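# Examination of the molecular architecture
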Amino acid sequence: MRGFLFVLSALGVMGLAFWAYHENYATQGALGQVRDLHAQIGDAHSRLRMLNAEWAYLNRPDRLRDLADLNFDRLGLLPMLPDAFGRVDQVAFPPAPLSQIIDPVDISFEAAPNGEEPL
Amino acid sequence: MIRRPLRPLARILRARAAGTDPAMIETAERRARVEVVRDRARLRAEGRLLLLAGAFFLAFGAVGGRMAVLAASEPQEPRAAATGSPIIGQRADITDRNGRVLATNFETHALYAQPPMMVDPAHATRELAAIFPELDADRLLRDFTGSRTFLWVRRTISPEQMQLVHDIGEPGLLFGPRDMRLYPNGAIAAHILGGASYGREGVDAAEVIGVAGVERFFDASLRDPANEGAPLTLSIDLTVQAAMEDVLAGGMALMNARGAAAIIMDVHTGEIMAMASLPDFDPNNRPAVLTTGDQSDSPLFNRALQGVYELGSVFKIFAIGQALDLGLINPSTMVDTSGPMTWGRFRISDFHNYGPELSAMDVIVKSSNIGTARVALQIGQARQRAFLDSLGFLVPTRLEMVEAATGVPLLPRDWSEISLLTISYGHGLSTSPLHLAAGYASMVNGGTLVTPTLLRQDQVAPGPRIISAQTSAQMRDMLRQVVVRGTASFAEVEGYEVGGKTGTADKPRPGGGYYDDRVIATFAGIFPASDPAYVIIVSLDEPVETSGAEPRRTAGWTAVPVAAEIIRRTAPLMGLRPVIEPAQTDGVIRASN
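Residues numbered from 1 in each chain as written. Chains lettered and ligands numbered in written order. Predicted model: local features only at pLDDT ≥ 70, side-chain atom pairs only at ≥ 80, totals over all residues.

## Section: the overall build of chain B
Let me state the cut-off plainly: Starting at the N terminus, helices and strands are each numbered in turn, a helix being any DSSP run of H or I of at least four residues and a strand any DSSP run of E of at least two. Computation of the radius of gyration draws on C-alpha atoms alone. For the globule rule, the value is 2.2 Å times the number of residues to the power 0.38. Exposure is read from a count of other C-beta atoms within 10 Å of each residue's own; the residue is exposed at 12 or fewer, buried at 20 or more and partly exposed in between. C-beta atoms are placed from the backbone. Here the contact rule is simple: place C-beta atoms from the backbone, and any two residues whose C-beta atoms are within 7 Å are in contact.
What chain B contains, in helices and strands, is 17 helices and 18 strands. On C-alpha atoms alone, chain B measures out to a radius of gyration of 42 Å, which is more than a quarter above the 25 Å that the 2.2 N^0.38 rule sets for 593 residues. If one aligns the C-alpha atoms of chain B with their principal axes, the spans along those axes are about 170 × 80 × 75 Å. By the burial criterion, 43% of the 593 residues in chain B qualify as buried. The long-range fraction of contacts in chain B, counting pairs at least 24 apart against all pairs at least 6 apart in sequence, stands at 69%.

Here is the structure:
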């Protein structure tokens, strides 16, 4: 009985040692993965910052004003002035929906009998 | 096991034969047995003690060894237990109230050289001088061929320049990563942001530190990694700021002014929507501080915050407002304006003669110095001083910028009766335009104190009461009348019910006395006057309007039109709808023929 317990505990210790070994490497693997992910997040972050900075730089008010001036012929953009505000009753009602088509007319057909192309 | 008998027969017989006591033999045998047992027990105990000592030695040895290892090793971030993201170690961004970036970071590289590693210093110098024209080639060559082992060539270089330097192929030219502070909007809001520079520098990294403005004031929190890069949100609206600076620069050029300052502030929360001082600078390339001459000539000088001036008639509102609140007068009380008024050796006169008396309302509308001074006499020095103190006019503002503490109001040495009179119409007490903005906001927002702030506020509890709500309404009415039929008629912006007060103050000479032809023209306005949302201050330094037969310098001709244009441009941007009177519409005319 005692011998059996000895063997059992020795096997237990070996099992635990194997488990600990395994866990150790699993943990290190996970840590490495976390480090990689952090590095990726860091890269993404700096990319994002760069893009944000570029966006802010391209949209700086001076540049937008110059662009609006340069393209005035095409776009006709003006600074927002008080007369840009309107009243609700100045807004047109949406156009009435089209009346239902009750007499459909086919405008295309599957195969022209004389071989001519459908329009 | 062979046991030795206690009484071995042979020895017993021999003893008997010899006549000795055989019991002695038994005793000796017993003793021998006990000794054997004792020896064995001792050995065992000694072994155990040794084992125990060994175990303790190992245990303490392990603790001691671990301590030695920990003491000798480089400190390291615990990887598994690190909370949050370890990436965001950069200085936080600064954004405007809508999240538009005002300051951010940009990854660039620094260029440094290690002359001992260099192969061909002369070639490298030639190439570097071609890439960076501002470098001094002779000095660079001296540094490269001298005894130096390390030198910085450039603090920041662009990726293109980096590639060009790379192409030189010199192993002694090396790059270190650098975070560069970038202000993408250039000079817009330059004085508020301030600027940044490098603190401690290493090859691998450098500290970015704020040198002025909010960058300096919030330096610690911008750099605090615990904030995880959360941006600092200011109350500034970038669009409003840009439009205001645009108009102000145009106005300053038209009015031939030396400088200009403008502030737009929320009258309820004290949030500064826009604040500008011209001339300004580019915070990406902050100019050096003047070492000689007057600091107020430097573009770094913030006229809106640091410039303390006698602001003139815009102050009349406070004297009249206090008298109304104390119940000394009401808007229709007639005030004696016959002049000139003499007080000791001092003479107070008006711009025009306004006749023997005016109502309190008209004292403000026509801006009568004599009328205001007579009202101030009823208030008295102590009450005037306490009132201005409660509005914050006697101490620097507590705005979140390092420069705020330098905007110290200049007070009269002794608050004499003559000070009482002159301060009532804005002379003898020098304050910054920001003080004035806060004072006006407190007067018109229903009468509670407003503290100016540069941080976006979601909700602000009303401050302590300064004047009653009824007085505040009367002040709004008076300010509106100044625009409708008084000195600020150019401030009328259709749809926005602008109210306000002009102030034209002679500039003091450095030696004493005042200049005749140099003024500070100020307009302090509110809009819309019936329920004010914003207060606007526009101040021009030495403006001259030359379209007429003779040069005009009064605020009504200089600061007011600029302020009106600013309101016309910025009010729609802040979402204020103009109140449009129903226009004459071209109705459809029924006609028949």
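From this point, things continue past the structure.
## Considerations on the interface of chain A and chain B
Cut-off, in case you're wondering: Each residue is assigned to one class: nonpolar for Ala, Val, Leu, Ile, Met, Phe, Trp, Tyr, Cys and Pro, charged for Asp, Glu, Lys and Arg, and polar for all the others, Gly among them.
Across the boundary between the two partners, chain A contributes 21 residues, which contact 30 residues of chain B. A total of 12 residues in the side of chain A that touches chain B trace back to one element, the largest contributor, which is helix 1 (residues 2-58) of chain A. The class makeup of the residues in the side of chain A that touches chain B is 13 nonpolar, 5 polar and 3 charged.

## A word on the pairing of strand 6 (residues 206-212) of chain B
Residue and element names in this part refer to chain B. For the record, the criterion: The rule for pairing is simple: two strands pair if DSSP sees at least two bridges between them.
In this sheet, strand 6 lies alongside strand 5 (residues 195-201) in antiparallel orientation, the contact comprising 5 bridges. Looking across to strand 6, one finds that S197 is bridged to I209. Linking strand 5 back to strand 6 in an antiparallel pair, the connection comprises 4 residues.

## Section: unusual backbone geometry
All names here are of chain B. In the segment running from L278 into P279, the intervening peptide bond is cis, with an omega of -5°. One can find P279 in the loop between strand 9 (272-278) and strand 10 (309-310). Between F527 and the following residue, P528, the backbone shows a cis peptide bond with an omega angle of -20°. The phi dihedral of N256 falls on the positive side, at around 55°, and the residue is not glycine. As for its position among the elements, N256 is in the loop between helix 9 (238-254) and strand 8 (259-266). Of note in the backbone geometry, S367 takes a positive phi value of approximately 60° without being a glycine. Locating S367 in the fold gives a position in the loop between helix 11 (360-366) and helix 12 (369-379). Using a count of 29 C-beta atoms within 10 Å as the deciding quantity, one classes S367 as buried.

## Here we look at the domain arrangement of chain B
Residue and element names in this part refer to chain B. Defined as follows: Each domain's extent is set by a domain assignment, obtained either automatically or from a database.
Splitting chain B by domain gives domain 1 (94-232) and domain 2 (239-573). For domain 1 and domain 2, the distance between their C-alpha centroids amounts to 43 Å. Counting residues at the interface gives 19 residues for domain 1 and 18 residues for domain 2. A breakdown of the residues in the side of domain 1 that touches domain 2 according to their chemical character gives 12 nonpolar, 5 polar and 2 charged.

## A look at the sheet that holds strand 16 (residues 499-508) of chain B
All names here are of chain B. The line we're drawing: Simply put, an axis is a line fit to the C-alpha atoms, just over the touching stretch for a helix, and the angle between two N-to-C directions goes from 0 to 180 degrees.
Taken in spatial order, the 5 strands of this open sheet run 9-8-18-17-16, and their pairing is antiparallel. Looking along the sheet, the strands with just one partner apiece sit at the ends: strand 9 and strand 16. Pairwise comparison of adjacent strand axes, ignoring direction, gives a mean angle of 10° for this sheet. Helix-sheet contacts for helix 9 involve strand 8, strand 9 and strand 18 (534-541), and the interaxial angle to strand 9 is about 30°.

## Side note on helix 15 (residues 433-444) of chain B
Residues and elements named next belong to chain B. This is how it is decided: Here the expected span of a helix is defined as 1.5 Å times the quantity of residues minus one.
Taking 1.5 Å as the rise per residue, helix 15 with 12 residues should run 16 Å; its terminal C-alpha atoms sit 17 Å apart, in good agreement. Most of helix 15 is tucked away, with 12 of its 12 residues classed as buried. Tucked into the core, helix 15 has its buried residues touching strand 8, helix 10 (316-326), strand 15 (430-431), helix 16 (469-485), strand 17 (514-527) and strand 18. Taken from the residues just after helix 15, G446 is the one with a positive phi, measuring 110°.

## Quick notes on the packing of helix 3 (residues 121-131) of chain B against helix 4 (residues 137-145) of chain B
Residues and elements named next belong to chain B. Quick reminder of the rule: For a crossing to be left-handed, the near helix must be turned anticlockwise from the far one by less than a right angle; the clockwise case is right-handed.
In contact at an axis separation of 9 Å, helix 3 and helix 4 are set at 145° when each is read in the N-to-C sense. In the packing of helix 3 onto helix 4, the handedness of the crossing is right-handed. Residues P121, A122, A124, T125, L128 and A129 of helix 3 lie in contact with helix 4, whose contacting residues are A137, L140, L141, F144 and T145.

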